[in-house]
Amino acid sequence: MYFYLKNLGPTQQIGALFIIVFGLLLLSSIVAFVLSLRDYGDDEAGERRRGELKNLDGIIRTSWFMVFVFWIGWVSGPLIALTLFGGVSFFALREFMTLSPTRRGDHRSLVLAFFVVLPLQYWLVATEHFDMFAVFIPVYVFLALPVASALANDPQRFLERNAKLQWGIMVCIYGMSHVPALLMLKFPGYDHKNAFMVFFLVLVVQFCMAVQHLVSRKLKLPPAAPAISQSFNWPSWWIGVFVASLFGALLAGITPWVPGTAFAFSFIACVAGSMGHFVMKALKRDRGIPSWGGNVRAVTGAGGLLDRVDALCFAAPVFFHSARWYFDL
């Protein structure tokens, strides 16, 4: 597949990828639909199976959405894609904060997060100020927000409230903003094809998550951390990461890399994404909720959006900065 894709022009690559990806997603959607028709009963095992199917359905829906964003980015240019991902960050952060208790003293910090930090982060991407983009939130914002909270004169649970907001900003804004940032990097000998890098990242991460869930259902091994996830176990995780990395090597023809390098970058992205998804599960258990959007659909308007993009929020920064280091950009 590598040599086949490498020898095609950009338009032909799009056509080939459309056939491959549309076929995979259509097949996955049909399988998920057929599985959802089964009667799993009302016991604990049935509830667990329905939860696993819900996770798989979320992965498939995210894949369809990201494919749509890829085509928008290819046809309309990176600025439209930046706007779309900015909207994703906004609703993901809104969902995160809605499920976390806040106080009146947090309002100033919340306004700064939604209406100052978020647009400034995406503006730095649009203007290609990548050095400032990399440190703006972890350095400047993380120092400024506690100051704003302290000036609100509310010390009750001060550390917990600020840590919660900083964590939400880090995942929903900082992590997600690295996906469209790939559209702005100038890879050597890879002009006007950056949308393929976004496509590559999204596809291997989502493929890893889907394989991990499916293998976990088949193997039925004891979970590695049952208090956090009943489906996570190390054999399933290794199989998901390895299979997705091989899949990424096969897609090397749409990247600036050879298959071995594409395998390495796929491996990095899959490890970061799957571990990030596991961390977000731990946060949900801490909040006592099964999903980010399950109980607050009408409030957030996002309907579990953060459940669908959490792995990408962790994979994108690692992938982006690894690519910059590799090409010395």
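Residues numbered from 1 in each chain as written. Predicted model: local features only at pLDDT ≥ 70, side-chain atom pairs only at ≥ 80, totals over all residues. Heavy atoms only, no water.

### Observations concerning the packing of aromatic side chains
- In total, this model carries 26 aromatic pairs according to the counting rule given.
- Judged by centre distance (6.4 Å) and plane angle (45°), the ring pair of Phe114 and Phe115 falls under tilted.
- The class of Phe115 is exposed, set by a relative accessible area of 57%.
- Between the aromatic rings of Phe242 and Phe263, the centroid separation amounts to 6.0 Å while the plane-to-plane angle is 75°, which identifies the pairing as edge-to-face. In this pair, Phe242 is assigned in helix H9 (residues 234-250) and Phe263 in helix H10 (residues 259-287), connecting sequence segments 21 residues apart.
- Exposure remark for Phe263: the relative accessible area of 25% places this residue in the partly exposed category.
- Grouping aromatic residues by their ring pairs yields a cluster made of Phe187, Phe200, Trp257, Phe265, Phe319, Tyr326 and Phe327. (Phe/Tyr/Trp six-rings, centres within 6.5 Å; stacked < 30°, edge-to-face > 60°. Buried < 20%, exposed > 50% of the residue type's maximum accessible area, 1.4 Å probe, protein only. Helix = DSSP H or I, 4+ residues; strand = E, 2+ residues; numbered from the N terminus.)

### Regarding a nonpolar patch on the surface
- Where nonpolar side chains cluster on the molecular surface, the patch consists of Leu26, Ile30, Phe33, Val34, Leu37 and Trp64 and spans about 580 Å² of accessible area.
- Looking at the nonpolar patch element by element, the count peaks at four residues for helix H2 (residues 10-36).
- Note on Leu26: relative accessible area 39%, which makes it partly exposed. (Patch = residues over 30% accessible without salt bridge, like charges linked within 9 Å, V, L, I, M, F, W, Y side chains within 5 Å. Areas by Shrake-Rupley, 256 points an atom, 1.4 Å probe, with all protein chains shown as cover. Salt bridge = Lys/Arg side-chain N within 4 Å of Asp/Glu carboxyl O.)

### Description of the nonpolar core
- Grouped together as the largest cluster of nonpolar side chains are 76 residues, with contacts concentrated most on Ile169, Leu201, Trp257, Leu306 and Phe319.
- Broken down by secondary-structure element, the contributors of at least two residues to this core are helix H4 (78-98), helix H5 (107-126), helix H6 (130-151), helix H7 (158-181), helix H8 (194-219), H10 and helix H12 (305-327).
- Not counting residues up to four positions away in its chain, the partners in contact with Ile169 are Leu93, Ala113, Val117, Ile137, Val141, Leu145 and Tyr174.
- If you look at the next biggest cluster of nonpolar residues, it comprises seven residues, including Cys208, Phe232, Trp237 and Phe278. (Core = buried A, V, L, I, M, F, W, Y, C linked by side-chain atoms within 4.5 Å. Contact = heavy atoms within 4.5 Å.)

### Considering the environment of Phe130
- Structurally, Phe130 can be placed in helix H6.
- A relative accessible area of 9% means that Phe130 is categorised as buried.
- With sequence-adjacent residues up to four places away left out, Phe130 is seen in contact with Val125, Ala181, Met184, Leu185, Phe320 and Arg324.

### Looking at unusual backbone geometry
- A positive phi angle, near 50°, is found at Arg157, a position not held by glycine.
- On the secondary structure map, Arg157 appears in the loop between H6 and H7.
- Judged by relative accessible area, Arg157 falls into the partly exposed class, the value being 42%.

### Topic: the packing of H8 against H9
- Following both chains from N to C, one finds H8 and H9 inclined at 145°, their axes separated by 8 Å at the closest point. Crossing hand, H8 versus H9: right-handed. Facing H8, whose interface residues are Phe200, Leu203, Val204, Phe207, Cys208, Val211, Gln212, Val215, Ser216 and Leu219, H9 presents Pro235, Ser236, Trp237, Ile239, Gly240, Val241, Val243, Ala244, Phe247 and Gly248.
- Its residues assigned to classes, the contact of H8 with H9 shows 15 nonpolar, five polar and no charged. (Axes fitted to C-alpha atoms, helices over the stretch in contact; angles between N-to-C directions. Left-handed = near helix turned anticlockwise from the far one by under 90°. Nonpolar A, V, L, I, M, F, W, Y, C, P; charged D, E, K, R; others polar.)

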